[in-house]
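Commentary on secondary and tertiary structure
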Amino acid sequence: MKGRKMRKKEGIVDQPSFSSPSSPSSLSRLPELNLAVDFAGIKMKNPVMVASGTFGYGEEFMEIFDVNQLGAIVVKGTTLEPRWGNPLPRIVETPSGMINSIGLQNVGVEGFIREKLPMFKRLGIVTPIIVNISGHSIEEFEEVARRLDGAGGIQGLELNISCPNIAYASARTFSHDPATTREVTARVRKVTRLPLIVKLSPDVTDIVAIAQAAVEGGADALAIMNTIPGMAIDAETRRAKIARGVGGLSGPAIKPIALRLIWTVFQAVKVPIVGMGGIMNGTDAIEFFIAGSKTVAVGTANFVNPKASVEVVDGIQAYLRRHGLNHTNELVGSLIIPAVTPHSAIRIPQ
Amino acid sequence: MIDPKIYVIAGEVLSQEVFERDFRRIVIRAPEIAKAARPGQFVMVRAKEGSDPLLPRPFSIFRARHTHRDAIEILYKVVGWGSSLVATKQRGDRVWLTGPLGQPFTVQKKGPPMWLVGGGYGVGPMVFISDVLKGSKRELKAFVGARYKSAVLGVGEFKRNRIPVFISTEDGSMGFKGRVTEVIEREIVKTGAKPVLVACGPTPMLRAVAELAMRQGLTSEVSLEETMGCGTGVCLSCVCDIKTQDGGSHQRMICRHGPVFPGNIVLWDKLRKH
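Residues numbered from 1 in each chain as written. Chains lettered and ligands numbered in written order. Predicted model: local features only at pLDDT ≥ 70, side-chain atom pairs only at ≥ 80, totals over all residues. Heavy atoms only, no water.

All names here are of chain A. Running from amino to carboxyl end, helix α2 (residues 138-151) crosses helix α3 (residues 178-191) at an angle of 25°, the nearest separation of the two axes being 9 Å. Considered as vectors, α2 and α3 are oriented roughly parallel to each other. α2 and α3 meet at a crossing whose hand is right-handed. On α3, the residues that touch I138, E139, F141, E142, A145, R146 and D149 of α2 are E183, V184, R187, V188 and V191. Looking at the contact of α2 with α3 residue by residue, the class counts come to 6 nonpolar, no polar and 6 charged. (Axes fitted to C-alpha atoms, helices over the stretch in contact; angles between N-to-C directions. Helix = DSSP H or I, 4+ residues; strand = E, 2+ residues; numbered from the N terminus. Parallel < 35°, antiparallel > 145°, perpendicular 65-115°, else oblique. Left-handed = near helix turned anticlockwise from the far one by under 90°. Contact = heavy atoms within 4.5 Å. Nonpolar A, V, L, I, M, F, W, Y, C, P; charged D, E, K, R; others polar.)

Inspection of every chain in the model, using the stated rule, returns 12 aromatic pairs over all chains. Centroid distance A:F55 to A:F61: 4.6 Å. Interplanar angle 75°. Geometry classified as edge-to-face. Neither A:F55 nor A:F61 differs from the other in exposure class; each is buried. An angle of 40° between the planes, with centres 5.2 Å apart, marks the rings of B:W115 and B:F143 as tilted. Of this pair, B:W115 sits in strand β8 (residues 114-119) while B:F143 sits in strand β9 (residues 140-146), placing them 28 residues apart in sequence. Looking at B:F143, the relative accessible area reads 0%, which means it is buried. An aromatic cluster is defined as three or more aromatic residues linked by ring pairs; in this entry it consists of A:F55, A:F61 and A:F65. Stacked on the ring of B:F62, the Lys or Arg B:R63 has its end atom at 5.5 Å from the ring centre. (Phe/Tyr/Trp six-rings, centres within 6.5 Å; stacked < 30°, edge-to-face > 60°. Buried < 20%, exposed > 50% of the residue type's maximum accessible area, 1.4 Å probe, protein only. Lys NZ or Arg CZ within 6 Å of the ring centre and 35° of its normal.)

Moving on: the interface of chain B and chain A. On the side of chain A, 36 residues touch chain B, which itself brings 35 residues to the contact. Between chain B and chain A the total buried area reaches about 3,000 Å² when both faces are included, carbon and sulfur atoms providing 63% of it. At the surface where chain B touches chain A, the tally comes to 2 salt bridges. A salt bridge links B:R256 to A:E63; the shortest N-O distance between them is 3.4 Å. Applying the counting rule to chain B against chain A returns 11 residue pairs in polar contact (both at pLDDT 80 or more). For the side of chain B that touches chain A, the secondary-structure elements that each account for two or more residues are β14 (239-243) and β15 (249-253) of chain B. (Buried area = accessible area lost by both parts, 1.4 Å probe. Salt bridge = Lys/Arg side-chain N within 4 Å of Asp/Glu carboxyl O. Polar contact = N/O pair within 3.5 Å; in protein donor to acceptor, adjacent residues only side chain to side chain.)

Quick look at the packing of α3(A) against helix α4 (residues 207-217) of chain A now. All names here are of chain A. Close contact between α3 and α4 brings their axes to 7 Å; oriented N to C, the two are set at 25°. Compared by their axis directions, α3 and α4 come out roughly parallel. The crossing of α3 and α4 is right-handed. Facing α3, whose interface residues are P178, T181, R182, T185, A186 and R189, α4 presents A209, I210, A213, A214, E216 and G217. Classifying every residue of the contact of α3 with α4 by side-chain character gives 6 nonpolar, 3 polar and 3 charged.

It is worth spelling out the sheet that holds β9(B) at this point. Residues and elements named next belong to chain B. Judged by pairing direction, the sheet is mixed, and its 7 strands sit side by side in the order β11-β10-β9-β8-β12-β13-β16 without closing on themselves. Every interior strand has two partners, whereas the edge strands, β11 (176-177) and β16 (260-262), have only one. Summarising the sheet, β8 and strand β12 (residues 196-200) pair through 5 bridges and their orientation is parallel. Bridging from a neighbouring strand, L116 pairs with V198 of β12. Set on the sheet, helix α5 (residues 180-191) makes contact with β8, β9, β10 (165-169), β11 and β12; between it and β9 the angle comes to about 150°. (Pairing = 2+ DSSP bridges.)

Here the focus is the nonpolar core. Counting residues in hydrophobic clusters, the biggest one holds 134 residues, and the most contacted among them are A:L222 and B:L224. Each residue touching B:L224, except ones within four places of it in the same chain, is listed here: B:L206, B:C240, B:I254, B:P259, B:F261, B:V266, B:W268 and B:L271. B:F19, B:M114, B:V123 and B:V127 belong to the second largest nonpolar core, which has 27 residues in total. (Core = buried A, V, L, I, M, F, W, Y, C linked by side-chain atoms within 4.5 Å.)

Residue and element names in this part refer to chain A. In this fold, K199 is placed in strand β9 (residues 196-200). A relative accessible area of 6% places K199 in the buried class. If sequence neighbours within four positions are ignored, K199 has contacts with S52, N132, E158, L159, I161, S162, A223, M225, N226 and M276.

Turning to the environment of A:E143, a few remarks are in order. Structurally, A:E143 can be placed in helix α2. For the pair A:E143 and A:R187, spaced 44 residues apart in sequence, the C-alpha to C-alpha distance is 9.8 Å.

All names here are of chain A. The full count for this structure, using the stated rule, is 31 salt bridges over all chains. Residue E143 pairs with R146 through a salt bridge whose shortest N-O separation is 2.6 Å. With a gap of 3 residues between them, E143 and R146 both fall in helix α2, about one helical turn apart. Residue D220 pairs with R189 through a salt bridge whose shortest N-O separation is 2.8 Å. Taken together, the positions of D220 in the loop between α4 and β10 (221-224) and R189 in helix α3 put the pair 31 residues apart, joining distant regions of the chain. Relative accessible area serves as the criterion here: at 28%, D220 is assigned to the partly exposed category. On the basis of relative accessible area, R189 is assigned to the partly exposed category, the value being 22%. Residues participating in the shared-partner salt-bridge network are E110, E143, R146 and R147.

For the bond from A:L88 to A:P89, the omega torsion is -5°, close enough to zero to count as cis. Position of A:P89 relative to the elements: it lies in the loop between β4 (72-78) and β5 (91-94). The step from B:G99 to B:P100 runs through a cis peptide bond, and the omega angle for that step is -5°. Position of B:P100 among the secondary structure elements: in strand β7 (residues 94-101). In this structure, A:A40 takes a positive phi of about 55° despite not being glycine. Unusually for a residue other than glycine, A:S96 sits at a positive phi of about 50°. Along the polypeptide, A:S96 turns up in the loop between β5 and β6 (97-100). You can call A:S96 buried: its relative accessible area is 17%.

So this is what it looks like as structure tokens:
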């Protein structure tokens, strides 16, 4: 088990390069830093992605801004068969957050290959596409991954292992158990050469065990974290506010939980992490890099402000410049814990 | 890349006032949205920065380019936290808007008579249509339905656009006693007209208008409502079931594929009852 001090540092881009012709420089606008990262083999122009289930397939937001400005798009969770999703209401707002129980409504893997892949080309969406896949059995994950691997036009897969595993009577999810995490990852690994990101659930006893199991199974990267099971109740009617009762909590309220899990896993595994959970702006994103994320994903914020993701990129640029840094890689895992981090280990930022 | 048609901007409040009784009207300067807005569309509104409340709230566009070329108007009632925050905004304050969103009503300067059916503050988009078609050759009539007199809205606005208004209240406290669809049906029989019916208001009223249209062999468009998360079609919270041509059905997002739908393809029984 390698600790933080022994992690190999990524190459730092020494020279800032000038940004694309679409943003002309003027006296009031400094040239942008080159934020390109290689994340588990996916070449991203910046370390900001958008999270599955919060950005559709990119076509919706292309009517608002050029989504190619993003490092990558993780599209809606795809299952073997098309799914209708849950009865309404599917969402409820909670303090600094929301709970959702959408039910993985999606067009299914064949619908995705037939309709969505050509759509990316048609609309000129050329930034990396990562497909989130969900399944209720290992065979389902395997089959979806196999078909997507053969389809072309995809730069990565994200395994949503927070799905209930129907092999268990009690509807435990794959993500609860290191053995099933390892197995589903390994079985998917066998059928695809695409970069494989395993998305972890926070609802576990020992996330390091789950993370290590995913790595042993062949994960190229980890996504931390998925939503947290939660519930909202209407006191007057005694009814749960969403139809299915329990849903996934997301938004600013969960950021502290995400940061802690990322820091914990960062110290224990070598594969890179995409951090997510309540990122609303550039400053939030920076916190995630400091905690150990190589890249970040913006999720719920897309519902609040459709341009949140590109504003996060801008916020990262501004922070780096203000601190005299050239790249987010310089921040990854640089957390100082006052009572813990030995003085000698603190690398003072320039 | 698609031309951007939806804008995310901070609008400036030009005025905030009581419209009629407990309905309020806020006028917001938002040039790109005002220019693009069409009747039936809506905006997602955030009245406050920060994460509480987290989500924006949908508001129908009542009018655009009316009092002010660069402004939209929203007609609303305080029904919860989001709308109560909008009510605190005064002239000079900022509100954050995403819009215009959704599919608008089909509004053409030429065509058969168009009968505008509004219930409660559903009259808003109907007034917007009458603004757009004012002075056109299209024959318009407005049918305003409500439970009782104090819920009747917007009559003055239609009259100012020189449109005949038929008022109905369920308790008879104003106008015809009964449902708005009874008045429409009577008018069809009386005039022999074959109008297009467009409707905005409570779901039972929309259903009644759609069913009346089908019975009479007329075209209808209705504006559906549902709790929304994002308003842009990505959170998948506001689904409804719509008939497909092969006899089956598929799910559509009310925010993106609606809120306006042809009345004859909505699967009314499957809509969530609020």
